[in-house]
Amino acid sequence: IHGFSQLLREDEDLTAQQRDSAAEVVRAGDHLLSLVNEVLDLARIESGRVDLSIEPVSCAGVLSESAKMIEPFADKYGIRLEIGEAGGLTMQADAIRVKQVLVNLLSNAIKYNRPGGSVAVACSRRDNTIRISVTDTGEGIPEQKIGELFTQFNRLGRESGDIEGTGIGLAHSKRLVELMDGSIGVESVYGTGSTFWIEVPASEETGDGGGSPFGAGSRGEDLGESEDTRKQITVLYIEDNPAAVRLMEQMLITRARYRLVTAHSGSLGVDIAEVEHPEVMLVDINLPGIDGYEVLRRVRESEWGREIPVIAVSANAMDHAVKRGENAGFTEYVTKPFDIANFLATLDEVTAGLLEG
């Protein structure tokens, strides 16, 4: 649904009204995906099945990356974003999870703000802890309702309003912060605004700003067509889901330099690769027969496939799954549902050197 609706939204043959309708489908898909991910992650936390990577993390890096992620959202609502200086402060935490919590707090501060309002983010050290605070100029929260804030599926009466939400985000954030030996809280003046804060242990070491494997981050820009489209690059996509294959075909229609070859099983894919010698491979992890990791192993052990870029494609976006992909030797790890612009940018990056050759 998410992939094909993105394609539909960009169809130039649609009327303006039809494109608006397609955009609504995409927006609703984003909201539903967020809800499903939060529910699943919350269930994993409560069952004790969450692996954290606790290490020194740069406060400045976390603030900068979180701000980049949320800036388009702030622009949409007309909210001014003010990010304070963090100096050389570092925290002992999981970088990805801290950003997840911070982006959730920022999102709420923007959504529940007043027109033309602002959101300020500050970072400071208090004894052996690092405090990150998010202050908004919204309506504030009545004192009698503050105790209900961090409970699941409770939106404090906003359920029937026009602002989307799940009622899970703050409960989710609270559990994540507590797993990092931290705490979360709020100070609010009704009619004036609120300040949400998190505190996590400080670190004396220098952090690298966190981040995710494979140099991930926002790849939202579309690199566009290369000037040299005379050379076609063969892309082998090993995928057993016919709908996913059709989506890939539609995505690559806009890239004349790519020639797509597909296989519905891992063993067949390896056989085809041995004949075709593709310049790049896309491999679904959960395949019938041999899985994506076994495909990667066989490709790397062959005479012809030692240097071929192999991109993992998976619906499993959990940290441990991504790290396993990195350790296995995949060139990149792309998650489903596809963000089409990000995916095409990743593919363009991986094949940029081939076009120059």
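Residues numbered from 1 in each chain as written. Predicted model: local features only at pLDDT ≥ 70, side-chain atom pairs only at ≥ 80, totals over all residues. Heavy atoms only, no water.

Is there a simple way to think about the overall build of the protein in this case?
Secondary structure summary: the protein contains ten helices and twelve strands in total. Within the protein, buried positions represent 46% of all 357 residues. When contacts within the protein are restricted to residue pairs at least 6 apart in sequence, those whose partners lie at least 24 apart make up 73%. About 17,900 Å² of surface is accessible on the protein, with carbon and sulfur atoms providing 49% of the total. (Helix = DSSP H or I, 4+ residues; strand = E, 2+ residues; numbered from the N terminus. Buried < 20%, exposed > 50% of the residue type's maximum accessible area, 1.4 Å probe, protein only. Contact = heavy atoms within 4.5 Å. Areas by Shrake-Rupley, 256 points an atom, 1.4 Å probe, with all protein chains shown as cover.)

Can you help me understand the confidence of the model for the protein in this one?
In regions of low pLDDT, the predicted coordinates are not meant to be interpreted in detail. Confidence along the protein averages 82 in pLDDT terms, with 88% of residues attaining 70 or more. Confidence, read as mean pLDDT per element, is least for helix H2 (residues 16-46) in the protein (78) and greatest for strand S5 (residues 129-136) (96). Every residue in residues 207-230 is under pLDDT 50, and counting partners more than four places away or in other chains gives 56 contacts. (pLDDT = per-residue confidence, 0-100.)

Can you help me understand the pairing of strand S10 (residues 280-284) in this one?
Note on strand geometry: in a regular strand, side chains alternate between the two faces of the sheet. For S10, the buried fraction is high: five of the five residues fall into the buried class. In S10, alternate side chains face the same way, and those of Val280, Leu282 and Asp284 on one face and Met281 and Val283 on the other are all buried. The pairing of strand S8 (residues 233-238) with S10 spans four bridges and is classified as parallel. Considered in S10, the bridge of Val235 is made with Val280. Across four bridges, S10 lies against strand S11 (residues 310-314) in parallel orientation. (Pairing = 2+ DSSP bridges.)

Looking at this structure, I do not really get the packing of H2 against helix H5 (residues 169-179). What am I missing?
Axis angle and axis distance: for two packed helices, these are the angle between their axes and the distance between the axes, and together they describe the pair. In the contact formed by H2 and H5, the axes pass within 10 Å of each other and the chain directions differ by 35 degrees. Classified by chirality, the crossing of H5 by H2 is left-handed. Two secondary-structure elements touch here, H2 through Glu38, Asp41, Leu42, Ile45 and Glu46 and H5 through Gly169, Ala171, His172, Arg175, Leu176 and Leu179. Residue classes in the contact of H2 with H5 are distributed as five nonpolar, two polar and four charged. (Axes fitted to C-alpha atoms, helices over the stretch in contact; angles between N-to-C directions. Left-handed = near helix turned anticlockwise from the far one by under 90°. Nonpolar A, V, L, I, M, F, W, Y, C, P; charged D, E, K, R; others polar.)

Any chance you could explain empty space enclosed by the protein here in plain terms?
Rolled over the atoms, a probe as big as a water molecule pinpoints where empty space is left. Counted by the stated rule, this structure contains one cavity of 30 Å³ or more. Considered as a void within the structure, the largest cavity measures approximately 30 Å³ in volume. Along its surface, the largest cavity is lined by Arg49, Val50, Asp51, Arg97, Met318, Asp319 and His320. In terms of residue class, the lining of the largest cavity is built from two nonpolar, one polar and four charged. (1 Å grid on protein atoms, 1.4 Å probe; cavity = no way out; pocket = protein on both sides within 12 Å on 5 of 7 lines; lining within 4 Å. Points joined across faces, edges and corners; volume = space filled by probe spheres on them.)

What should I look at first to understand the sheet that holds strand S12 (residues 332-335) in this one?
What links the strands of a sheet is backbone hydrogen bonding, and the strands pair in either a parallel or an antiparallel sense. The strand order S9-S8-S10-S11-S12 describes an open sheet built from five strands, whose pairing is parallel. Single-partner strands in this sheet number two, and they are strand S9 (258-263) and S12. Strand-to-strand twist in this sheet, taken as the mean axis angle between neighbours without regard to direction, amounts to 20 degrees. Here helix H6 (residues 242-252) sits on the sheet and contacts S8, S9 and S10; the angle it forms with S9, its principal contact strand, is near 175 degrees.

What am I meant to see in the sheet that holds strand S2 (residues 80-83) here?
Judged by pairing direction, the sheet is mixed, and its five strands sit side by side in the order S2-S4-S5-S7-S6 without closing on themselves. Edge positions in the open sheet fall to S2 and strand S6 (183-189), since each of these has one partner strand only. The average undirected angle you get between the axes of adjacent strands in this sheet is 15 degrees. Bridging between S5 and strand S7 (residues 193-201) involves seven bridges; their strand directions are antiparallel. Paired with Thr135 across the two strands is Thr195, which belongs to S7. In the packing of helix H4 (residues 95-111) onto the sheet, contacts are made with S2, strand S4 (118-126), S5, S6 and S7, and the angle to S5 comes to roughly 20 degrees. Where H5 meets the sheet, it contacts S6 and S7, and its direction lies at approximately 135 degrees from that of S6.

It is not clear to me how the environment of Thr135 should be interpreted in this structure. Could you clarify?
Mapping Thr135 onto the fold places it in strand S5. In the structure, Thr135 is positioned 60 residues away from Thr195 in sequence and 4.2 Å away in space, judged by C-alpha atoms. Among all residues touching Thr135, those that are not within four sequence positions of it are Ser118, Val119, Ala120, Ser194 and Thr195. Engagement of the side chain of Thr135 in a polar contact is seen with the side chain of Thr195, the distance being 2.8 Å. (Polar contact = N/O pair within 3.5 Å; in protein donor to acceptor, adjacent residues only side chain to side chain.)

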